[in-house]
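Examining the three-dimensional arrangement
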Amino acid sequence: MSSQVTTVATPVVRPATERRRIGSLAWHVGALLVLAVVLYPVIWVLGASFKPSKDIIASLDLLPTKPVWANFSGLADGISGISITSFFTNSLMYAGLAVVGVVISSSLTAYAFAKIRFAGRNLLFTLMIGTLLLPYHVLLIPQYVLFRNLGYIDTLVPLVAGKFLATEAFFVFLMVQFMRGLPRELDEAAKLDGCGHLRTYWSIVLPLSRPAIITSAIFTFINAWNDFMGPLIYLNTPSKYTVSLGLMMFRDQEGISNYGSMIAMSLVALVPVVAFFMAFQRYLIDGMATSGLK
Amino acid sequence: MTLVKEAPVRPAGKRSAAPAPGRHGRRRENLAGYLFMSPWIAGFLLLTAGPMIASLYYAFTSYNLFTPPQWVGLDNFTTMFQDPRWQKSVEVTLKYVVVATPLKLLLALGVALLLAQKRRGQALYRAAFYMPSLIGASVSVGFVWRALFSDDAVVDRTQKVFGLDVGGWIGNPDYVLYALVALSIWQFGAPMVIFLAGLKQVPRELYEAAEVDGAGPFRRFWNITLPMISPVLFFNVLLESIHAFQVFGSAYVVSDTRCGPADATLVYTCYLYQKGFKEAQMGFASAMAWTLVIAVALVTAVLFWSQKKWVHYEEAAK
């Protein structure tokens, strides 16, 4: 709205446009400054993975003077006999199962909270919200004992069981909020037309809740991909390690000698998360924003 | 949304509240509700409520996983309170929470106020600023942080240019915790997005009226913006401090796997992990976990109690 004012160059208008232009300049300078700080580590890791190992810490240049591929070709050797693809496959499996589990179990639970009037609904809803604030530490040890007694240590079961049982209260909450916002007339009409709850859930509420489901799915994928403590506690065999544990193994076993490859793998590990973010950033940011509002 | 149009129009009022469920219908609704909820109920009983009770029991036992738990009364708690490393972990965690949370929220609010102005590129900035919140918890970023803050690396050398030599970060027990604080602040995007959503809901008329009354930008912020977004501020303070109490990955990855040097980043979770999973002292670790739960519950209670004094809820809204 400011660009058109400049054509009217009467002396009276000038101070206002001048001030507006300075304000706009200050805004952009401020935003760019924050952007530089935010992006620096990301650009740094991009540049560092193309630097020779010895330059990574020592050189202050953000980008390499002469890019080398050695760090990436070094990844082909794997870590202590485990190929890099193994870590990525394991992470993909974990994240994939987590997404399936969260989408199914959270949407079913959310449907019950949002669309079915049953006795005890409010009490259960309060309990569900309560688990949002519960520090997970208190569950760490007893859950470990439970899964150990069941013989599931060193498998993905302890990592994904909770996802299939809707323990991710945040996503249940997100979907409840969304489903409550859907017009009531729709499921009432469905009911009058003889649809049962399963049918209403499957052919009306679920398709309409796509934005909330996409948000939950992407967040779940990213959380599982980044998860470090879960795999650290439950996975013992290097061939079952996820990317997070593979990176830690890199650091502990190869150390300084192969520093460049470790940084290159760090970069590769970030790629899926950043790609998902770029493709779905609207869903993620809107999902975050609505969860904080009501 | 086309579905809305196609939905048959019913005479309003008569049937809109759905057919009144008889006793039979109500029982069927209950059954449907609990069937849909069954995954959650199973999860709640097996993975939340059950484990909580078990862990409360373990807290009063000596338990190493290999022999059955032995009841020891309050022993775990008395040993814990006298344990210098436990005291250290409390100190480190409190320092982290008290320093990182306000700084992160302050930056988040500041940048949100900047981005609340409609200008070109605003959406792009918002997306870029949010990204660290998604990758910040990864081991990858932990390594990057470790590299950036190690001796003679970028941060260290840049600050030396300004004559600020703190003697390194990662290897320096006095400063390594602040490298973690910096990593937390870098992830200001998540609370920022929530602030932005709150700022969007402030009615413009309020500002226009204030401007007519001659209120400057600072007065407008203090008397309009801050009270209007106080529910969002409350939500952010609550969520961010609870998260900060639970920090683990960055302490484990950015410093060293023992959360050193000299226990300088021995956050509470890190000590709990060492006790439980490295030393197999499940009883002691459970006592630690319950102490944390009570501490977090107290903080939450104090926050909820204090909100009467500073959080402004719009009465008309509900």
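Residues numbered from 1 in each chain as written. Chains lettered and ligands numbered in written order. Predicted model: local features only at pLDDT ≥ 70, side-chain atom pairs only at ≥ 80, totals over all residues.

What follows deals with the overall build of chain B. Helix and strand counts for chain B stand at 15 helices and 2 strands. A compact globule built from 318 residues should have a C-alpha radius of gyration of about 20 Å, whereas chain B, at 26 Å, is more than 25% larger. Once the C-alpha set of chain B is aligned to its principal axes, its extents read approximately 75 × 60 × 40 Å. Here chain B, with 318 residues, has 39% of them falling under the buried criterion. Contacts in chain B between residues at least 24 apart in sequence constitute 69% of all its contacts with a sequence separation of at least 6. (Helix = DSSP H or I, 4+ residues; strand = E, 2+ residues; numbered from the N terminus. Rg over C-alpha atoms; globule rule 2.2 N^0.38 Å. Buried ≥ 20, exposed ≤ 12 C-beta atoms within 10 Å, placed from the backbone. Contact = placed C-beta atoms within 7 Å.)

As a further point, take the overall build of chain A. Secondary structure assignment for chain A yields 14 helices and 0 strands. Secondary structure elements in chain A, listed N-terminal to C-terminal, are α-α-α-α-α-α-α-α-α-α-α-α-α-α. In summary, chain A has a C-alpha radius of gyration of 25 Å against a globular reference of 19 Å for 294 residues, an excess of more than 25%. In terms of its C-alpha atoms, chain A occupies a principal-axis envelope of roughly 75 × 70 × 35 Å. Burial statistics for chain A: of 294 residues in total, 42% are counted as buried. Long-range pairs, those at least 24 residues apart, make up 74% of the contacts in chain A with a sequence separation of at least 6.

This paragraph deals with the packing of helix α9 (residues 184–192) of chain A against helix α10 (residues 197–208) of chain A. Residues and elements named next belong to chain A. Closest axis-to-axis distance for the α9/α10 pair is 11 Å, and the angle between their directions is 145°. Crossing of α9 over α10 shows right-handed handedness. Here α9 contributes L186, D187, A190 and K191 to the contact with α10, which in turn contributes T200, I204 and V205. (Axes fitted to C-alpha atoms, helices over the stretch in contact; angles between N-to-C directions. Left-handed = near helix turned anticlockwise from the far one by under 90°.)

Residue and element names in this part refer to chain A. With a phi angle near 55°, A166 is a residue other than glycine that sits in the positive phi range. Summarising the element assignment, A166 is placed in the loop between α7 (157–164) and α8 (169–181). Residue A166 is classed as buried on the basis of its C-beta count, with 28 C-beta atoms lying within 10 Å.

Moving on to the nonpolar core. Counting 164 residues, the largest nonpolar core has Y96 and V267 of chain B as its most contacted members. Ranked by residues supplied to this core, first place goes to helix α14 (residues 259–293) of chain A with 14 residues. Here this core gathers at least three residues from each of two domains, domain 1 (5–74) and domain 2 (79–293) of chain A. With residues up to four places along the chain from it excluded, the contact list for Y96 of chain B reads L177, L180, V181, A244, V247 and V267 of chain B. (Core = buried A, V, L, I, M, F, W, Y, C linked by C-beta atoms within 7 Å. Domains from an automatic or database assignment.)

Below, the discussion takes up the environment of V29 of chain A. Within the secondary structure, V29 of chain A sits in helix α1 (residues 14–48). For the pair V29 of chain A and E18 of chain A, spaced 11 residues apart in sequence, the C-alpha separation works out to 17 Å.

Residue and element names in this part refer to chain B. The element helix α14 (residues 268–278) is extensively covered by neighbouring structure, given that 8 of its 11 residues are classed as buried. Burial in α14 covers these residues: Y268, T269, C270, Y271, L272, Y273, K275 and G276. Just downstream of α14 lies A280, where phi reads positive at about 50°.

The partner chain B presents 79 residues to the 75 residues of chain A that form the contact. Here the side of chain A that touches chain B takes 14 residues from α14 of chain A, the largest share from any one element. Of the residues assigned to the side of chain A that touches chain B, the class counts are 55 nonpolar, 15 polar and 5 charged. (Nonpolar A, V, L, I, M, F, W, Y, C, P; charged D, E, K, R; others polar.)

Right, let's get into the domain arrangement of chain A. Residues and elements named next belong to chain A. Entries for chain A in the domain assignment read domain 1 (5–74) and domain 2 (79–293). Between domain 1 and domain 2, the C-alpha centre-to-centre distance is 34 Å. At the junction of the two partners, domain 1 supplies 12 residues and domain 2 supplies 8 residues. Of all the secondary structure elements, the ones that give two or more residues to the side of domain 1 that touches domain 2 are α1, α2 (53–58) and α3 (70–75). Of the residues contributing to the side of domain 1 that touches domain 2, the split by class is 7 nonpolar, 4 polar and 1 charged.

All right, on to helix α10 (residues 204–212) of chain B then. Across the 9 residues that make up α10 of chain B, only a small minority, 0, are buried. At the C-terminal side of α10 of chain B, G214 of chain B shows a positive phi close to 85°.

Let us look at the confidence of the model for chain A. All names here are of chain A. For chain A, per-residue confidence averages 88 on the pLDDT scale, and 92% of positions sit at 70 or higher. By mean pLDDT, α2 is the weakest element of chain A at 84, and α7 is the strongest at 97. This model gives residues 1–10 a pLDDT under 50, and the stretch forms 6 contacts once residues within four places in sequence are excluded. (pLDDT = per-residue confidence, 0-100.)

Take the packing of helix α5 (residues 122–135) of chain B against helix α9 (residues 189–200) of chain B next. Residues and elements named next belong to chain B. Between α5 and α9, the shortest axis-to-axis distance is 7 Å and the interhelical angle comes to 135°. If you check the angle between α5 and α9, you find them oblique. Facing α5, whose interface residues are R126, F129, Y130, M131, P132 and S133, α9 presents G189, A190, M192, V193 and L196. (Parallel < 35°, antiparallel > 145°, perpendicular 65-115°, else oblique.)

All right, on to the environment of L174 of chain A then. Residues and elements named next belong to chain A. Within the secondary structure, L174 sits in helix α8. For L174, a count of 24 C-beta atoms within 10 Å puts it in the buried group. Each C-alpha atom of the pair L174 and A212 lies 6.7 Å from the other, and the pair is 38 residues apart in sequence.

Now for the confidence of the model for chain B. All names here are of chain B. Summarising the model, chain B shows a mean pLDDT of 88, and 92% of its residues fall at 70 or more. Mean pLDDT per element in chain B: helix α1 (residues 2–6) is the minimum at 33, and helix α3 (residues 75–82) is the maximum at 97. Throughout residues 1–18 the model reports pLDDT below 50, and contacts reaching past four residues in sequence, or to other chains, amount to 11 contacts. Confidence metrics for the complex model read pTM 0.89 and ipTM 0.88.

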